[in-house]
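# Coordinates in review
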Amino acid sequence: MPSKPKTNRGPSAGPDNRRSLVAAAREVFAESGFLAPLSSVARRAGVGQGSLYRHFPDRISLAVAVFDDNILDLESLAAEPDSTLDDLFDRVAEQAIGSAALIDMITSNRHDPRAEHLGTRVVAVVDAMLARDRARGLVANRVTPEDVMLSVTMLAVVLARTDADDRAAVAVRARALFRSAFDR
């Protein structure tokens, strides 16, 4: 039985297609690595390659979009009044476990103008959460935003380079080290 062709929704499909492409990229890169064919991303998203390249002209642009999405999640976490740095480390670990293939790409292209804003946004999240944790007496005054950023980066990079089956256990150990280093 022939399948019914998709209706072309024109420009109104753009935002939905973009969200689908970002979600598909996260899955495809997690399963097959950063060098997975972009045609696999388009196919998983249910769009044509033309749509993929209209939104993301290259692989780095697509990876940056995935990280933008991750950072939006971190910003939402920071906006929750009861969230702590422990919550931030937990969320970063979850994201790193699912985005391991993209972490090496982003860290090796961190000076690319398309990726530079990512660090600025994470620093803003860290600053807000560290200030709140200090005010609550949860973190020693000696802990600086640079310490937290170093810890977040170390966590993400170590998880990206750890075998998939071992990532969860390594994340638990790393978070325990950070907690003991930051405690009062």
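Note that the coordinates shown come from a computational prediction; the quantities given were computed from them, not determined experimentally.

Cut-offs used in this document
Residues numbered from 1 in each chain as written. Predicted model: local features only at pLDDT ≥ 70, side-chain atom pairs only at ≥ 80, totals over all residues. Heavy atoms only, no water. Salt bridge = Lys/Arg side-chain N within 4 Å of Asp/Glu carboxyl O. Helix = DSSP H or I, 4+ residues; strand = E, 2+ residues; numbered from the N terminus. Buried < 20%, exposed > 50% of the residue type's maximum accessible area, 1.4 Å probe, protein only. Phe/Tyr/Trp six-rings, centres within 6.5 Å; stacked < 30°, edge-to-face > 60°. pLDDT = per-residue confidence, 0-100. Contact = heavy atoms within 4.5 Å. Axes fitted to C-alpha atoms, helices over the stretch in contact; angles between N-to-C directions. Parallel < 35°, antiparallel > 145°, perpendicular 65-115°, else oblique. Left-handed = near helix turned anticlockwise from the far one by under 90°. Nonpolar A, V, L, I, M, F, W, Y, C, P; charged D, E, K, R; others polar.

The next point concerns the pattern of salt bridges. Counted under the stated rule, the structure contains 14 salt bridges. Residue Arg114 is joined to Asp58 by a salt bridge in which the shortest nitrogen-to-oxygen separation is 2.4 Å. With Arg114 in the loop between helix H6 (100-108) and helix H7 (116-135) and Asp58 in the loop between helix H3 (49-55) and helix H4 (59-79), this residue pair connects regions lying 56 residues apart in the sequence. A residue is classified by how much of its surface remains accessible, and Arg114, at 31% relative accessible area, is partly exposed.

Before going further, it helps to examine the packing of aromatic side chains. Summed over all chains, the structure comprises 3 aromatic pairs. Aromatic side chains Phe29 and Phe34 sit 5.4 Å apart centroid to centroid with 55° between the ring planes, which places their arrangement in the tilted category. The residues Phe29 and Phe34 share a single accessibility class, namely buried. Taken together through their ring pairs, the aromatic side chains of Phe89, Phe178 and Phe182 make up a single cluster.

With 91% of its residues at a pLDDT of 70 or more, the protein has an overall mean of 87. Mean pLDDT per element in the protein: H6 is the minimum at 71, and helix H2 (residues 38-45) is the maximum at 95.

Here we come to the environment of Arg167. Tracing the backbone through its elements, the reader meets Arg167 in helix H9 (residues 167-182). Using a relative accessible area of 14% as the deciding quantity, one classes Arg167 as buried. The spatial distance from the C-alpha of Arg167 to the C-alpha of Ile97 is 6.5 Å, given a sequence separation of 70 residues. If sequence neighbours within four positions are ignored, Arg167 has contacts with Ile97, Ala100, Leu159, Ala160 and Thr162.

What follows covers the packing of H4 against H7. At a closest axis distance of 10 Å, the pairing of H4 and H7 adopts a crossing angle of 15°. Classed by the angle they form, the pair H4 and H7 counts as roughly parallel. Read as a crossing pair, H4 and H7 show a hand that is left-handed. For the pair H4 and H7, the contacting residues are Val64, Phe67, Asp68, Ile71, Leu72, Leu74, Glu75, Leu77 and Ala78 in the first and His117, Leu118, Arg121, Val122, Val125, Met129 and Arg132 in the second. Among the residues making up the contact of H4 with H7, the classes are represented as 11 nonpolar, 1 polar and 4 charged.

Position of Glu75 relative to the elements: it lies in helix H4. Put simply, Glu75 and Ser99 are 24 residues apart on the chain and 18 Å apart in space, counted from C-alpha to C-alpha. Excluding anything up to four places from it in sequence, Glu75 contacts Arg121 and Val125.

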